[in-house]
Amino acid sequence: MSNLFTRIKETITADFHEILDQKEQKNPIAMLNQYLRECEQETDKVRKLVERQYLLKEEFTREFKEAEHLTEKRKRQAEIAAQAGETELHEFAVREHDQYQERTVRLNESLKEVTLQLEDLERKYEEMKHKLKDMYIKRMELMGRENTARASHRMNKVLDSSSYSAGSYGRFDEMENYLDRLEHQVNTGYHRNTIDGRIAQLEKELKKEDSIAQ
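Residues numbered from 1 in each chain as written. Predicted model: local features only at pLDDT ≥ 70, side-chain atom pairs only at ≥ 80, totals over all residues. Heavy atoms only, no water.

K.L.:
When you look at the overall build of the protein chain in this model, what are you seeing that I'm missing?
P.N.:
Of the regular secondary structure elements, the protein chain holds four helices and zero strands. Along the chain direction, N to C, the helices and strands of the protein chain fall in the order α-α-α-α. By residue count, 14% of the 214 residues in the protein chain fall in the buried class. Counting only contacts in the protein chain whose residues sit at least 6 apart along the sequence, the fraction spanning at least 24 positions is 76%. Accessible area of the protein chain: about 17,900 Å², with a carbon and sulfur share of 54%. (Helix = DSSP H or I, 4+ residues; strand = E, 2+ residues; numbered from the N terminus. Buried < 20%, exposed > 50% of the residue type's maximum accessible area, 1.4 Å probe, protein only. Contact = heavy atoms within 4.5 Å. Areas by Shrake-Rupley, 256 points an atom, 1.4 Å probe, with all protein chains shown as cover.)

Below you can see the structure in the form of structure tokens.
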């Protein structure tokens, strides 16, 4: 049964990656955006880890200083108790001193380790930010190339006469014929109006001359 589930899982995974490959071929910018979002999420996770490591370093530093302070304090107290002849108090202060001293050594080692870990996380975080910035720049470059390719394709369609069908040229011919007819109508109307006006004026002048002659 487990082998069956394994085969089903592998089949689904293979189909999923095939779909992703197809999408990437169809729209590489969209896939790049998806990669960027994933990288942003991972970078943000590392940022939170760096911040947490800072807090841990601060806590270790605080605990180390406190243990170091108490180690010195118990050392002085043990000396005072010994000088005063207080055996039990001296022994208690010595035990406390030894415990704090052991804690100081352990905290010092932990602090060094945490500091190294923090430096490593900071270095990786900076590398991730640089790579993320490079991906942003790469996306802008690809978008510029894509825009140029699309624009060139459209311009070539317009400039390349072979890409136009007979119907396209037919529409241009129809428009030219329409403009010719319209221009002819306008000119004819203009001349007609001009002739009519001149004839009417001549008729008016002839009538006037006839009336004078009578």
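K.L.:
What is the right way to look at a negative patch on the surface in this model?
P.N.:
Together, E58, E59, E63 and E66 line one region of the surface with negative charge. As for its position among the elements, E59 is in helix 2 (residues 28-84). Residue E59 is classed as partly exposed on the basis of its relative accessible area, which comes to 42%. (Patch = residues over 30% accessible without salt bridge, like charges linked within 9 Å, V, L, I, M, F, W, Y side chains within 5 Å. Salt bridge = Lys/Arg side-chain N within 4 Å of Asp/Glu carboxyl O. Lys, Arg positive; Asp, Glu negative; His and termini not counted. Charge placed at Lys NZ, Arg CZ, Asp CG, Glu CD.)

K.L.:
For this particular structure, what's the right way to read helix 2?
P.N.:
Each α-helix winds once per 3.6 residues, and so residues spaced three or four apart point in a common direction. Here helix 2 is 57 residues long and its end C-alpha atoms lie 83 Å apart, about the 84 Å a rise of 1.5 Å per residue gives. G85 occupies a position one or two residues after helix 2 and carries a positive phi of about 80°. (Expected span 1.5 Å × (residues − 1).)

K.L.:
Please explain the pattern of salt bridges as it appears in this structure.
P.N.:
Enumeration over the complete set of coordinates arrives at eight salt bridges. With a shortest N-O distance of 2.7 Å, R47 and D44 are connected by a salt bridge. In this pair, R47 and D44 are both assigned in helix 2, three residues apart and thus about one turn of the helix distant. A relative accessible area of 27% means that R47 is categorised as partly exposed. What makes D44 partly exposed here is its relative accessible area of 29%. One salt bridge in this structure joins K124 and D120, with 3.3 Å as the shortest N-O distance. You can see K124 and its partner D120 sitting in helix 3 (residues 87-159), four residues apart, about one turn around the helix. Classification of D120 as partly exposed rests on a relative accessible area of 25%.

K.L.:
Looking at this structure, how should I read the side chain of T71?
P.N.:
Counting through the fold element by element, T71 comes out in helix 2. The buried category is assigned to T71, whose relative accessible area is 7%. A polar contact is formed between the side chain of T71 and the backbone oxygen of A67, at a distance of 2.7 Å. Dropping the residues within four chain positions of it, T71 is found in contact with H97, Y100, Q101 and T104. (Polar contact = N/O pair within 3.5 Å; in protein donor to acceptor, adjacent residues only side chain to side chain.)

K.L.:
I would appreciate a short explanation of the environment of E79 in the present structure.
P.N.:
Within the element layout of this structure, E79 appears in helix 2. The class for E79 is partly exposed, based on a relative accessible area of 43%. Between the C-alpha atom of E79 and that of H90, which follows or precedes it by 11 residues, the distance is 7.4 Å.

K.L.:
What should I look at first to understand the environment of E146 in this one?
P.N.:
Along the chain, E146 turns up in helix 3. On the accessibility criterion, E146 (24% relative accessible area) is partly exposed. Spatially, the C-alpha atom of E146 lies 8.9 Å from that of I29, the residues being 117 residues apart in sequence.

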